[in-house]
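Given next are the chains, with one letter for each unit.
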Amino acid sequence: MCYKYCKNYPPGCECLCSSSLIGSVFIRSRSLQEQEQQLRTSSLPAIPNPFPELCSPASSPVLSPGSLPPGEPSAEIYIVKIFSEDGMGKVVEIPADMTAKDLCQFLVYKSHCVDDNTWALVEHHPLLGLERCLEDHELVVHVQASMNSESRFLFRKNYAKYEFFRNPLTFFPEHMVAWCQETNHTIPQSQLLQNFLATSSCPEIQGHLYMKEVGRKSWKKVYMFLRRSGLYCSTKGTSKEPRHLQLLADLEDSNIFTVITGKKHHGAPTDFGFCIKPNKGRGEMKELRMLCAEDEQSRTCWMTAFRLFKYGIILYQNYKIPQQQKTLLSHFSTPVRSVSENSLVAMDFSGNIGRVIENPLEAQSAAMEEGYAWRFTKPSNVFSAVIHMTQLWFHGRITREESHRIIHQQGQVDGLFLLRVSQSNPKAFVLTLCHHQKIKHFQILPCEDDGQVFFSLDDGTTKFTDLIQLVEFYQLNRGVLPCKLKHPCTVVAL
């Protein structure tokens with residue numbers, strides 16, 4: 001009897017990237033369009049008039065932008081250059097009202113990527129060593145107008161963009177969150193995000209940070225408070241009295257950036273630096289407020305709270321709109337493929353037609369039998385040795401430091417992973433995995449059984465004929481790993 005595991009959808013269905021849908025960049029329902037109109041106003045392009053003789057005056061065959069209602073942005077087209085992580089650039093023409101989310105969706109379809117709502121547009125300043133992910137609602141043209149000539153946009157994955165909505169407790173340690181008026185009363189963890197989003201409440205982030213003194217190379221450790229009104233430091237210990245607080249940055253007129261070369265460019269005391277940069281500044285060092293946290297969790301807490309205080313409910317709307325789109329798409333007549341674990345069912349293909357195995361004991365027996373069959377399958381050695389090179393999670397011969405950089409850039413969420421060739425053993429591979437904002441490495445060693453080569457990361461207890469089987473197994477089973485493999489580190493060329 002032959003068993004296999006397959007997706008829970010009927011034969012002949014098509015996914016979103018089918019030819020019938022490629023031609024449309026944006027798939028929205030009417031209700032979702034109304035929700036997005038609340039976030040921004042859209043402009044009307046210049047529309048050729050098919051009946052100029054009916055116009056008054058007759059010499060105006062095109063509706064010009066000047067004829068639009070007051071307050072509407074013009075329909076002018078702008079040139080934007082986007083770079084992928086391999087350094088290659090792509091020039092695109094965009095309207096003035098195109099948001100970062102819309103541009104990412106456009107690049108996803110043009111590059112034939114999977115649209116899983118984890119792509120981001122990154123504002124990168126190489127000379128300053130700073131970068132940040134644009135919010136979905138930000139207008140790309142407005143951001144580009146504030147950038148210097150050496151700055152650029154990058155297109156990459158960012159799995160952590162809205163992770164704090166899913167796991168808020170891991171982003172906001174209890175000792176760093178407090179009320180402004182009642183310093184000894186902490187916010188209930190169950191109401192954490194509600195207090196950040198509600199304008200009537202006033203939570204704050206507090207703790208020690210290293211701050212680079214203006215005009216100097218030295219760093220000073222001070223006690224700081226982040227509130228809706230701005231970032232403050234205490235001039236007297238940990239005092240919160242108004243006369244002891246000094247305003248360092250206004251959230252409305254600033255953006256927060258990750259410092260990617262803190263020790264090299266700025267002499268930072270730790271690797272967990274971030275920076276508050278004025279929107280209208282020229283990017284000079286004296287305009288930057290350079291800060292440094294003790295660890296990654298603290299830095300993430302400060303930066304996430306900055307975004308919540310500045311944008312509030314708009315961030316939640318940005319997070320919910322793709323989910324609502326997915327819910328509406330599920331009602332289409334054409335089923336949409338799902339990659340979740342819940343869509344996997346056991347099936348028996350031993351007869352003329354396949355049947356779903358509903359008995360749990362029979363399904364478990366089928367899984368064991370198929371795993372046993374896999375173990376003794378003898379595929380082509382050449383094929384099994386190179387098939388993993390076609391996978392997006394395989395990054396070839398990169399260094400340990402390079403794997404850390406990629407993990408950091410793509411979000412540091414639980415289950416973020418990549419595979420690479422081992423530097424110490426050319427015949428082995430390394431699984432690089434992120435768990436609790438820490439990066440861990442697991443060596444995958446080849447082992448021989450009955451003349452056939454297998455791969456294993458638990459000293460031969462579990463064996464796989466190729467790396468794809470290994471990854472698929474640990475996507476469904478944690479095994480010896482601290483968590484399942486969830487998010488592959490993906491690098492796509494534009």
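Residues numbered from 1 in each chain as written. Predicted model: local features only at pLDDT ≥ 70, side-chain atom pairs only at ≥ 80, totals over all residues. Heavy atoms only, no water.

As annotated in an unreviewed UniProt entry, the chain is Growth factor receptor-bound protein 10-like from Gouania willdenowi. Quoted verbatim from the Sequence similarities (unreviewed entry) field of the UniProt record, the comment on the chain reads "Belongs to the GRB7/10/14 family." Entered under Subcellular location (unreviewed entry) in the UniProt record, the comment concerning the chain runs "Cytoplasm". (UniProt positions renumbered as here; feature names shortened; annotations may be inferred.)

Undergrad: Honestly, the overall build of the chain in this entry has me stumped. Any pointers?
TA: Counting secondary structure elements, the chain contains 14 helices and 23 strands. Burial statistics for the chain: of 494 residues in total, 45% are counted as buried. Considering only contacts in the chain between residues 6 or more positions apart, those separated by 24 or more positions represent 57%. As presented, the chain carries roughly 26,400 Å² of accessible surface, and 54% of it is formed by carbon and sulfur atoms. (Helix = DSSP H or I, 4+ residues; strand = E, 2+ residues; numbered from the N terminus. Buried < 20%, exposed > 50% of the residue type's maximum accessible area, 1.4 Å probe, protein only. Contact = heavy atoms within 4.5 Å. Areas by Shrake-Rupley, 256 points an atom, 1.4 Å probe, with all protein chains shown as cover.)

Undergrad: Which parts of the structure should I look at to understand the side chain of His441?
TA: With respect to the helices and strands, His441 occurs in strand β21 (residues 438-449). Polar contacts involving the side chain of His441 include one to the side chain of Arg420, which spans 3.2 Å. Within the structure, the side chain of His441 is placed 3.2 Å from the side chain of Thr432, a separation counted as a polar contact. Setting aside anything within four residues of it in sequence, one finds His441 in contact with Arg400, Ser403, His404, Arg420, Val430, Leu431 and Thr432. (Polar contact = N/O pair within 3.5 Å; in protein donor to acceptor, adjacent residues only side chain to side chain.)

Undergrad: Whenever I open this one, helix α9 (residues 296-311) confuses me. Can you help?
TA: Residues three or four positions apart in an α-helix share a direction because the helix packs 3.6 residues into each turn. Taking 1.5 Å per residue, 16 residues should reach 22 Å; α9 reaches 23 Å between its end C-alpha atoms and fits that length. Within α9, 15 of the 16 residues are buried, leaving the element largely enclosed by the surrounding structure. By the N-cap criterion, in which a side-chain oxygen at the helix start approaches the backbone nitrogen of a residue two or three places on, α9 is capped by Asp295, the distance to Gln297 being 3.4 Å. Looking one or two places after α9, you find Gly312, whose phi comes out positive at around 60 degrees. (Expected span 1.5 Å × (residues − 1).)

Undergrad: Whenever I open this one, the pattern of salt bridges confuses me. Can you help?
TA: A side chain with one charge can pair with a side chain of the opposite charge if their charged atoms come near. Counting across every chain of the model gives 17 salt bridges. Here Arg156 and Glu131 are joined by a salt bridge, their closest N and O atoms 3.0 Å apart. Residue Arg156 is located in strand β8 (residues 152-157), and its partner Glu131 is located in strand β7 (residues 130-133); the two are separated by 25 residues in the primary sequence. We classify Arg156 as buried; its relative accessible area is 3%. A salt bridge links Glu241 to Arg243; its shortest N-O distance comes to 2.9 Å. (Salt bridge = Lys/Arg side-chain N within 4 Å of Asp/Glu carboxyl O.)

Undergrad: Would you mind showing me how to read the nonpolar core here?
TA: For soluble globular proteins, the rule of thumb is that nonpolar side chains tend to be buried together. Residues Phe172, Ile205 and Met224 are the most contacted members of the largest nonpolar core, which totals 37 residues. For this core, the element with the highest residue contribution is α9, accounting for eight residues. Discounting residues that sit within four places of it in the chain, Met224 has contacts with Ile205, Gln206, Gly207, Leu209, Met211, Leu231, Tyr232, Cys233, Leu248, Leu291 and Trp302. The next biggest cluster of nonpolar side chains, apart from the first, holds 22 residues, and it includes Leu419, Leu433, Ile468 and Cys483. (Core = buried A, V, L, I, M, F, W, Y, C linked by side-chain atoms within 4.5 Å.)

Undergrad: Looking at this structure, I do not really get unusual backbone geometry. What am I missing?
TA: A negative phi holds for most residues other than glycine; trans holds for most peptide bonds. A positive phi angle is found at Asn117, which is not glycine, with a value near 60 degrees. Along the chain, Asn117 turns up in the loop between α3 (100-110) and β6 (119-125).

Undergrad: Is there a simple way to explain the sheet that holds β21 in this structure?
TA: By definition, the strands of a sheet pair up through backbone hydrogen bonds, in either a parallel or an antiparallel sense. Spatially, the five strands line up as an open sheet ordered β22-β21-β20-β19-β23, and their pairing is mixed. The open sheet has two free edges, formed respectively by β22 (452-456) and β23 (487-488), since each of these has just one partner strand. In the sheet, β21 pairs with β22 via five bridges, with the strands oriented antiparallel. Bridging from a neighbouring strand, Pro446 pairs with Phe455 of β22. With respect to the sheet, helix α13 (residues 400-409) is in contact with β19 (416-421), β20 (429-435) and β21, its orientation differing from that of β19 by roughly 160 degrees. (Pairing = 2+ DSSP bridges. Axes fitted to C-alpha atoms, helices over the stretch in contact; angles between N-to-C directions.)

Undergrad: Please clarify how the environment of Leu134 should be interpreted in this entry.
TA: Summarising the element assignment, Leu134 is placed in the loop between β7 and α4 (140-145). Separated by 12 residues in the primary sequence, Leu134 and Val122 place their C-alpha atoms 5.9 Å from one another.

Undergrad: Would you mind going over the packing of aromatic side chains with me for this structure?
TA: The geometry of an aromatic ring pair is captured by the separation of the ring centres together with the interplanar angle, meaning the angle of the planes. Here the structure, examined in full by the defined rule, presents 16 aromatic pairs. The interplanar angle of 70 degrees and the centroid separation of 6.3 Å between the aromatic rings of Phe164 and Phe171 together place this pair among those described as edge-to-face. Residue class for Phe171 comes out buried when judged on its relative accessible area of 9%. Between Phe165 and Tyr319, the ring centres sit 5.0 Å apart and the planes meet at 20 degrees, which makes this aromatic pair stacked. Note that Phe165 is positioned in helix α5 (residues 163-166) and Tyr319 in helix α10 (residues 313-329), a separation of 154 residues in sequence. A residue is classified by how much of its surface remains accessible, and Tyr319, at 12% relative accessible area, is buried. Each member of the aromatic cluster is reached from another via a ring pair, and the members are Tyr162, Phe164, Phe165, Phe171, Tyr316 and Tyr319. Geometry around Phe225 places Arg227 over its ring, the cationic atom sitting 5.8 Å from the centre. (Phe/Tyr/Trp six-rings, centres within 6.5 Å; stacked < 30°, edge-to-face > 60°. Lys NZ or Arg CZ within 6 Å of the ring centre and 35° of its normal.)

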